[in-house]
Amino acid sequence: MPDFVTVFEITRNSNGIFAGTIFRLLIGVTALVGGLRSVVFRWRRGGNVNHYIEALFLIGWSFFWIYLHNFPHVFGHINRLVNAYRENQYQVVEGPVQILHQQPATGHTKGDIVAVSGEQFEVNYFYLTPAYRNTLAHRGVLTAGTDARIYYYNGEILRVDIRK
């Protein structure tokens, strides 16, 4: 029986998700600190209310930015998937890949629907996830007829092995 080769394995920074999330968090925190410093500076100088408008807008915008990106959910999602893989809480399915739906390169529809031995997975390039998300239009390896072994947790692919 030919060996399998691992072509995707989840890590904390798979798909650049962790670094990108940290970067967006730093944008919000920097704006918040800058707005607060501006309010304190203007308060010490004894400015009138009109001088506070920009700083208060910046503080409001930073809170909206941080709320909008829902950082606790994103970090929790990353941790759940990585911990499930590390602690072997996944399921494994193996067999030939069937493509039931293919996502265009521009998106605007559901992701690739891939079936392996009766299990279906949606692989969507446009989801913010550290799990496998490379669709066929974006150099994905789960092509029709490929013999694959997929490790998954809650429908998200944590590792992909294909036959050499």
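Note: the structure precedes this text.
Thresholds applied
- Numbering of residues starts from 1 in each chain and follows the order in which that chain's sequence is written.
- Owing to the predicted nature of the model, reporting of local features is limited to residues with pLDDT of at least 70; listing and counting of side-chain atom pairs is limited to 80 or more, with chain, interface and lining totals taken over all residues.
- To get the side-chain values, all heavy atoms of the structure are used, and hydrogens and water are removed first.
- Under the scheme used here, helices are H or I runs from DSSP no shorter than 4 residues and strands are E runs no shorter than 2 residues, and both carry numbers assigned from the N terminus.
- One less than the number of residues in a helix, times 1.5 Å, gives the span that helix is expected to have.
- Think of it in three bands: with a 1.4 Å probe and only protein chains considered, a residue is buried below 20% of the maximum accessible area for its type, exposed above 50%, and partly exposed in between.
- Any two residues whose heavy atoms approach within 4.5 Å are treated as being in contact.
- The working definition used for a salt bridge is a side-chain nitrogen of Lys or Arg within 4 Å of a carboxyl oxygen of Asp or Glu.
- Definition of nonpolar core: a set of buried residues of the types Ala, Val, Leu, Ile, Met, Phe, Trp, Tyr and Cys, connected through side-chain atoms within 4.5 Å.
- One bridge is not enough; two strands pair if DSSP finds at least two bridges between them.
- Two aromatic rings, drawn from Phe, Tyr or Trp (for Trp, its six-membered ring), form a pair once their centres lie within 6.5 Å of each other, and the interplanar angle then sorts them: stacked below 30 degrees, edge-to-face above 60, tilted otherwise.

Some details on helix H3 (residues 71–86)
Here H3 is 16 residues long and its end C-alpha atoms lie 22 Å apart, about the 22 Å a rise of 1.5 Å per residue gives. Every buried residue of H3 is listed here: Phe71, Val74, Gly76, His77, Ile78, Leu81, Val82, Ala84 and Tyr85. The elements touched by buried residues of H3 are strand E1 (4–9), helix H1 (17–45), helix H2 (53–69), strand E5 (147–153) and strand E6 (156–163). Asn88 sits one or two residues past H3 and shows a positive phi near 55 degrees.

A look at the pattern of salt bridges
All chains considered together, the criterion is met by six salt bridges. Note that Glu94 is salt-bridged to Arg163, the shortest N-O span being 3.5 Å. Note that Glu94 is positioned in strand E2 (residues 91–101) and Arg163 in strand E6, a separation of 69 residues in sequence. A residue is classified by how much of its surface remains accessible, and Glu94, at 34% relative accessible area, is partly exposed. We note a salt bridge from Arg149 to Asp161, for which the minimum N-O separation is 3.8 Å. You can see Arg149 sitting in strand E5 and its partner Asp161 sitting in strand E6, a full twelve residues away along the chain. Side by side, Arg149 and Asp161 carry an identical accessibility label, which is buried. Each of Glu94, Asp147, Arg149, Arg159, Asp161 and Arg163 takes part in salt bridges that share partners, so that together they form one network.

Digging into the nonpolar core
Counting residues in each nonpolar core, the largest one holds 24 residues, and the members touching the most others are Ile10, Tyr132, Leu142, Ile150, Ile157 and Val160. Elements with a contribution of two residues or more to this core: H3, E2, strand E3 (112–116), strand E4 (119–123), E5 and E6. Residue contributions to this core peak at five residues, all from H3. Apart from the residues lying within four places of it in its own chain, the contact partners of Ile10 are Leu81, Val82, Tyr85, Pro130, Ala131 and Leu158.

A word on H1
The end-to-end C-alpha separation of H1 is 42 Å, in line with the 42 Å expected for 29 residues at 1.5 Å each. Ile17, Thr21, Gly28, Ala31, Leu32, Gly35 and Ser38 are the residues of H1 that are buried. Among the structural elements, H2 and H3 are those in contact with the buried residues of H1. Where H1 ends, the next residue or the one after it, Gly46, has phi of about 75 degrees, a positive value.

Some thoughts on the pairing of E4
Bridge analysis of E3 against E4 gives five bridges, and the strand direction is antiparallel. Considered in E4, the bridge of Val116 is made with Glu119. Hairpin remark: E3 followed by E4, antiparallel, with two residues in the connecting loop; positive phi at Ser117, about 50 degrees.

A word on the packing of aromatic side chains
Evaluated as defined, the whole model comprises eight aromatic pairs. On the numbers, 5.4 Å between centres and 90 degrees between planes, the contact of Tyr125 with Phe126 is edge-to-face. For Tyr125, a relative accessible area of 27% puts it in the partly exposed group. Looking at Phe126, the relative accessible area reads 46%, which means it is partly exposed.

Considerations on the environment of Gly20
Looking at the secondary structure, you find Gly20 in helix H1. Taking relative accessible area as the criterion, Gly20 reaches 21% and is therefore assigned partly exposed.

Read these as spatial facts, not as claims about activity.
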